[in-house]
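# Examining the three-dimensional arrangement
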Amino acid sequence: MIRMLRRNLPFATVAVIALVAAPLLLEPFRLGLLAKYLCYAIVALGIGLVWGKGGMLTLGQGVFFGLGGYSMAMYLKLTEAGGGLPDFMVWSGVEHLPALWVPFANPVFALVMAVLGPMLIAVILGTLVFRQRVRGAYFAILTQALAAAMVILLVGQQGLTGGTNGMTNFFELFGQDLAEDSTQRLLYLAVAVVLGALYLATRQLVNSRYGRLLVAVRDGEDRVRFLGYDPALVKTVTFALSAGMAGLAGALFVPVVGIISPALLGVVPSLELVVAVAVGGRHVLAGAVLGAVVMGYAKTAFSEQFADGWLYLQGALFILVMTLAPKGVIGVMGRLRRARTT
Amino acid sequence: MLELRDVQVVFDGFRALDGVDLTVPEGELRFLIGPNGAGKTTLIDVITGLTRPAAGSVRFGEHDLVGRKEHQIVRLGVGRTFQTSVVFEELTVLENIDLAASFRRPLWSLARRRRGVSEAVEEALARTGLEELAERSAGVLSHGQRQWLEIGMLLAQRPKLLLLDEPVAGMSGDERQRTGELLTRIADDHTVIVVEHDMEFLRRHASTVTVLHEGRVLVEGSVEQVSADPRVQEVYLGRKASDAVGNRP
């Protein structure tokens, strides 16, 4: 009992800070920023699972994030239009609502698609790729190409997706005014709760036999095959789980931030998240989450001071972490704690 | 139990296996020997699905193994080890064996946390003498202990047929002795095929031996028969007949 309490103490502390202290202390603008970082943290959690534990370096999580985001944005746009056409379609000269859009008027469908859509894509891609035993850098390049292709697709379909501008001008969600601070606070709490729940579920998974199997696949895929497991299946399932998380994060991101566009899900944002996970510490789930929040804050804070410097700082941080502290911030913290106790 | 007929494997024009016939009845401890390049490991690879034969058949019980995927063959009850042992260093000894033992569970049921230690895992730990090391990470094991862990992982899967590729390579004399005793005990209730180079080890622990040479079965029989065979002395032992299998001073 006491051991369980002690084990969960760090999580409980963070949960109290996130759910009670932050909404009370932060002004609405800052709380909104934190909500955005927590959305990224959900994606990062998935990367921690698939890359940190499973060894699959995915450089295309933005694709899944985007699919989730666009699903949600389509629903929001349709409620906005109230039976008519969304504003950007009118501007692009579209006359009838495209068939693809029709079911997204239903919020349940939109939310389910935000999660299942990415998972389905991941299952298809994973089945094709992992069966052929494509791995390592080849897999990374493939996912990055997917992110690039996704952007081209979105930009090219101006009338269907809003093109380069994406979709914005969302005013209400489930009947709540999105401009209200109270709505934004509720949204923040929803994001925090989803992140917390997913973290606990993922941690449970990592500590189960499945988690051991995933590490085994990472460290010796061929050996796992001769234990009677199908590594391709294990990898595909894990990849799909991470894709589902990214999709859900995208769906939450849209009402929080108020925009979704190709620039938010292409190659660069996908890479930024991987860098954040590396900086936080990819071998531990908490490291991935921490990395996303810290890098999010750093990006905002730094960009407020020096507009263009962030990219350089980010690159430098990545190199520093990779060479000096491969286990990331979490690894450094662990080392400091051990040094203090001994 | 295991029956290979006219198995041929060709690598870039090189005939690694050139019409091998091999029958291993249930419950036997069979040693597979032969000079380097004789095709011993290739034979194991064919049985376990790693290499696809160009021709021939591999029957295990009533199953045809040719064309099946590696993990499917394992599920039929054929387990193997490799020359270079691969254990999962980040996991503990117990977790390694437990993972091996859980291979028949459906994937979703693996998501639950492990509670306690199953009978098969206990037994594998006991037989390989690794109980004391159960909670240690596999990364800290010595070379010999790793091999035993691999054998333990196999045993936990309760296979019908075990294929061990040079299990005593690189081991100390003491470790060899222990491994030999372990093999003999395993052979009591399993069918085992061992690929081995070590003559001393062979003489001590082998009963039936198959000699491979240039991708063919040269001779098959007891250690005495095989080591007395002039063809074996010639191809396997070269001119140094004094070093022959049975009659070292």
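Everything in this summary refers to the structure shown in the same document. These figures come from a predicted structure and were not determined experimentally.

So, on to the overall build of chain A. For chain A, the helix and strand inventory stands at 15 helices and 4 strands. The globule rule puts the C-alpha radius of gyration for 342 residues at 20 Å, and the 20 Å found for chain A is close to it. The C-alpha extent of chain A, read off along each of the three principal axes, is 65 × 50 × 45 Å. A buried classification covers 45% of the 342 residues belonging to chain A. Sequence separation of at least 24 residues holds for 82% of the intrachain contacts in chain A that already meet a minimum separation of 6.

Residue and element names in this part refer to chain B. Counting buried positions along strand E3 (residues 29–33) yields 5 of 5 residues, so the element is predominantly enclosed. Neither face of E3 is exposed, since Leu-29, Phe-31 and Ile-33 on one face and Arg-30 and Leu-32 on the opposite face are all buried. One ladder, built from 4 bridges, connects E3 with strand E8 (residues 191–195); its direction is parallel. Counted as the bridge partner of Leu-29 is Val-192 from E8. Pairing between E3 and strand E9 (residues 208–213): 4 bridges, direction parallel. Bridged to Arg-30 within E9 is Thr-208.

By size, the foremost hydrophobic cluster in this structure holds 88 residues, and its most contacted members are Ala41(A), Ile42(A), Ala44(A), Leu45(A) and Ala292(A). With 16 residues, the top contributor of residues to this core is helix H2 (residues 28–53) of chain A. In this structure, Ala44(A) is in contact with Leu273(A), Ala276(A), Val277(A), Ala288(A), Val289(A), Gly291(A) and Ala292(A), ignoring residues within four places of it in sequence. Listed in part, the 82 residues of the second largest apolar core include Val74(B), Val93(B), Leu155(B) and Leu202(B).

Residues and elements named next belong to chain A. At a minimum axis distance of 9 Å, the contact between H2 and helix H8 (residues 181–207) shows a crossing angle of 20°. With respect to H8, the element H2 is oriented roughly parallel. Where H2 crosses over H8, the two elements pack in a sense that is left-handed. Considering only residue class, the contact of H2 with H8 consists of 19 nonpolar, 3 polar and 3 charged.

Chain A puts 20 residues into the contact, and the matching count from chain B is 24 residues. Contributions of two or more residues to the side of chain A that touches chain B are made by H8, helix H9 (209–219), helix H10 (221–225) and helix H11 (231–257) of chain A. Of all the elements, H9(A) adds the most residues to the side of chain A that touches chain B, at 7 residues. Split into classes, the residues belonging to the side of chain A that touches chain B amount to 10 nonpolar, 4 polar and 6 charged.

All names here are of chain A. The N-to-C vectors of H8 and H11 enclose an angle of 170°; their axes lie 10 Å apart at closest approach. Relative to H11, the element H8 is oriented roughly antiparallel. In this structure, H8 contributes Leu-187, Ala-190, Val-191, Val-194 and Leu-198 to the contact, and H11 contributes Met-245, Leu-248, Leu-252, Pro-255 and Val-256. Here the contact of H8 with H11 is built from residues that sort into 10 nonpolar, no polar and no charged.

This part covers the environment of Arg176(B). Residues and elements named next belong to chain B. Looking at the element boundaries, Arg-176 is found in helix H6 (residues 173–189). Take Arg-176: there are 20 C-beta atoms within 10 Å of it, and that puts it in the buried class. Among residues more than four places away in sequence, those in contact with Arg-176 are Val-168, Met-171 and Phe-201.

What follows is about helix H12 (residues 267–280) of chain A. Residues and elements named next belong to chain A. Taking 1.5 Å per residue as the helical rise, H12 with its 14 residues ought to reach 20 Å, and the 20 Å between its terminal C-alpha atoms agrees with that figure. Among the structural elements, H2, helix H3 (61–81), helix H6 (137–156), helix H13 (285–305), helix H14 (310–324) and helix H15 (328–341) are those in contact with the buried residues of H12. Positive backbone phi, approximately 125°, marks Gly-281, located one or two places after H12.

Let's shift gears to H2(A). All names here are of chain A. Taking 1.5 Å of rise per residue, 26 residues should cover 38 Å, and H2 covers 36 Å from first to last C-alpha, within 8% of that figure. Approximately 25° is the largest bend angle found in H2, and it occurs at Ile-47. Counting buried positions along H2 yields 20 of 26 residues, so the element is predominantly enclosed.

All names here are of chain B. Pairing in this open sheet of 6 strands is mixed, and the strands run E6-E7-E8-E3-E9-E10 from one edge to the other. Both edges of this open sheet fall to strand E6 (78–80) and strand E10 (216–222), since each of them pairs with a single strand only. When the angles between neighbouring strand axes are averaged without regard to direction, this sheet yields 20°. On the sheet, H6 packs against E3, strand E7 (161–165) and E8 and is oriented at approximately 145° with respect to E8.

Moving on: unusual backbone geometry. Not every positive phi belongs to a glycine, and Asp6(B) is a case in point at roughly 50°. Accessibility expressed as a C-beta count within 10 Å gives 13 for Asp6(B), which makes it partly exposed.

This part covers the pairing of E10(B). Residues and elements named next belong to chain B. As judged from the 6 bridges shared by E9 and E10, these two strands associate in the antiparallel manner. The partner of Thr-210 across the bridge, within E10, is Glu-220. Linkage of E9 to E10, two consecutive antiparallel strands, is achieved through a turn of 2 residues, within which Glu-214 is found at a positive phi near 45°.

Bringing the sheet that holds strand E2 (residues 14–24) of chain B into the picture now. Residues and elements named next belong to chain B. With antiparallel pairing, the 4 strands of this open sheet are ordered in space as E2-E1-E4-E5. Of all strands in the sheet, those bounded by a partner on one side alone are E2 and strand E5 (63–64). Sheet topology places strand E4 (residues 55–60) next to E5; 2 bridges connect them, and they run antiparallel. The residue bridging Arg-59 from the neighbouring strand is Asp-64, located in E5. Of the strands in this sheet, strand E1 (2–11), E2 and E4 touch helix H1 (residues 40–48), which is tilted by about 65° from E2.

Rules behind the numbers
By convention here, each chain's residues receive numbers from 1 onward along its written sequence. Ligands are numbered from 1 and chains lettered from A, in the order in which they are written. The predicted origin of the model limits local features to residues at a pLDDT of at least 70 and limits the giving and counting of side-chain atom pairs to 80 or more, whereas totals for whole chains, interfaces and linings rest on all residues. Secondary structure follows DSSP: runs of H or I at least 4 residues long count as helices, runs of E at least 2 residues long count as strands, and numbering of each begins at the N terminus. Radius of gyration: C-alpha atoms only; globule rule: 2.2 Å multiplied by the number of residues to the exponent 0.38. For the exposure call, what matters is how many other C-beta atoms sit within 10 Å of a residue's own: 20 or more marks it buried, 12 or fewer exposed, and in between partly exposed, using C-beta atoms placed from the backbone. Once C-beta atoms are placed from the backbone, any two residues with those atoms within 7 Å are in contact. Strand pairing is assigned whenever DSSP identifies at least 2 bridges connecting the two strands. As used throughout, a nonpolar core is a set of buried Ala, Val, Leu, Ile, Met, Phe, Trp, Tyr and Cys residues joined through C-beta atoms within 7 Å of each other. Working convention: axes come from line fits to C-alpha atoms, limited for helices to the stretch in contact. Angles between N-to-C directions cover 0 to 180 degrees. Any angle that is under 35 degrees is reported as roughly parallel, and any over 145 degrees as roughly antiparallel; angles of 65 to 115 degrees are reported as roughly perpendicular and all others as oblique. By convention the crossing between two helices is left-handed if the near helix lies anticlockwise of the far one by an angle smaller than a right angle, and right-handed if it lies clockwise. Here the nonpolar group is Ala, Val, Leu, Ile, Met, Phe, Trp, Tyr, Cys and Pro; Asp, Glu, Lys and Arg are the charged ones; every other residue, Gly included, is treated as polar. Given the number of residues in a helix, its expected span is that number minus one, multiplied by 1.5 Å. Bend at a given residue is defined as the angle between two axes, one fitted to the seven residues that end at that position and one fitted to the seven that begin there.

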